[in-house]
Amino acid sequence: MDFFTNTNILFFIAAYLIGSIPFGSILAKTFAGVDITTAGSKSIGATNVLRVVKETNPKLAKKLGIVTVLLDALKGTVVLLFAMYYGVSDSTLWAIAILSVLGHCYSIYLGLEGGKGVATGLGVYIVLIPYATLIGALVWIVCAKVLKISSLSSLLGLVAVVVSATFINDGLNVGSNVPMYLIAFIIIYKHIPNIIRIIKGEEKKVI
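This text gives an overview of the structure that appears in the document. (Residues numbered from 1 in each chain as written. Predicted model: local features only at pLDDT ≥ 70, side-chain atom pairs only at ≥ 80, totals over all residues. Heavy atoms only, no water.)

### With respect to a nonpolar patch on the surface
Residues Leu122, Ile126, Tyr131, Leu134, Ile135, Val159, Val163, Phe167 and Ile168 make up a contiguous nonpolar surface patch of about 870 Å² in total accessible area. Where the nonpolar patch is concerned, the elements lending two or more residues are helix 6 (118-128), helix 7 (130-147) and helix 8 (150-168). Considering every element that reaches the nonpolar patch, the biggest residue donor is helix 8, with four residues. When you line up the elements, isoleucine 135 lands in helix 7. (Patch = residues over 30% accessible without salt bridge, like charges linked within 9 Å, V, L, I, M, F, W, Y side chains within 5 Å. Areas by Shrake-Rupley, 256 points an atom, 1.4 Å probe, with all protein chains shown as cover. Salt bridge = Lys/Arg side-chain N within 4 Å of Asp/Glu carboxyl O. Helix = DSSP H or I, 4+ residues; strand = E, 2+ residues; numbered from the N terminus.)

Here it is as structure tokens:
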């Protein structure tokens, strides 16, 4: 019974289950009547919400895309903020962050399918490494405006976060940068199809 009363374990379970909530899919199905898990890239992220819903309702697509980003980011921040309130260790916070991103990318509600992890990664990074994340967000905004390729902009922003944090937050208060690298690895791994299309010059722009 101690398993279910251990604070850390309860937070780990909550992080994964909340991270698994497919907000993009729920919003698109509820307000646009479309199943984004079977259309476009089949991802539950904001980019696919925007791309798929835009085919029938461009104005609604932008609204749903914005709300999806916010909710997916909050999935990462909410559990962390509660955990911080309860005073858990930094290593536990990073474990919660990793599980939140894993939940989004491999949702238990979608048969371990999911999104690319960018917004949820942003949500956990902004809590744990805020200054580096703001730098990465700025890089993402500039790249998105210039390149208009969502995946490439996200990856460049991610690289900026990791590089910045290596200098600003080296060790992450846990004696290692591995937790941050692991989250970045998950996001990059989920982007492998996009990376291949970028190399081939086939990745679609978000207009």
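Structure shown, so let's carry the discussion forward.
### Considering the packing of helix 6 against helix 9 (residues 178-190)
Running from N to C, helix 6 and helix 9 cross one another at 165°; their axes reach a closest spacing of 10 Å. Put simply, helix 6 runs roughly antiparallel to helix 9. Handedness of the crossing formed by helix 6 with helix 9: left-handed. In this structure, helix 6 uses Val118, Gly121, Val124 and Tyr125 to contact helix 9, whose residues at the interface are Met180, Ile183, Ala184 and Ile187. Tallied by class, the residues present in the contact of helix 6 with helix 9 amount to seven nonpolar, one polar and no charged. (Axes fitted to C-alpha atoms, helices over the stretch in contact; angles between N-to-C directions. Parallel < 35°, antiparallel > 145°, perpendicular 65-115°, else oblique. Left-handed = near helix turned anticlockwise from the far one by under 90°. Contact = heavy atoms within 4.5 Å. Nonpolar A, V, L, I, M, F, W, Y, C, P; charged D, E, K, R; others polar.)

### A few points about the packing of helix 4 (residues 58-85) against helix 5 (residues 90-105)
Helix 5 packs onto helix 4 with a crossing angle of 155° between their chain directions and a minimal axis gap of 10 Å. If you check the angle between helix 4 and helix 5, you find them roughly antiparallel. Both helix 4 and helix 5 take part in a crossing whose hand is right-handed. Facing helix 4, whose interface residues are Asp72, Lys75, Gly76, Val79, Leu80, Ala83 and Met84, helix 5 presents Leu93, Ile96, Ala97, Ser100 and His104. Of the residues contributing to the contact of helix 4 with helix 5, the split by class is seven nonpolar, three polar and two charged.

Keep in mind these values describe shape, not function.
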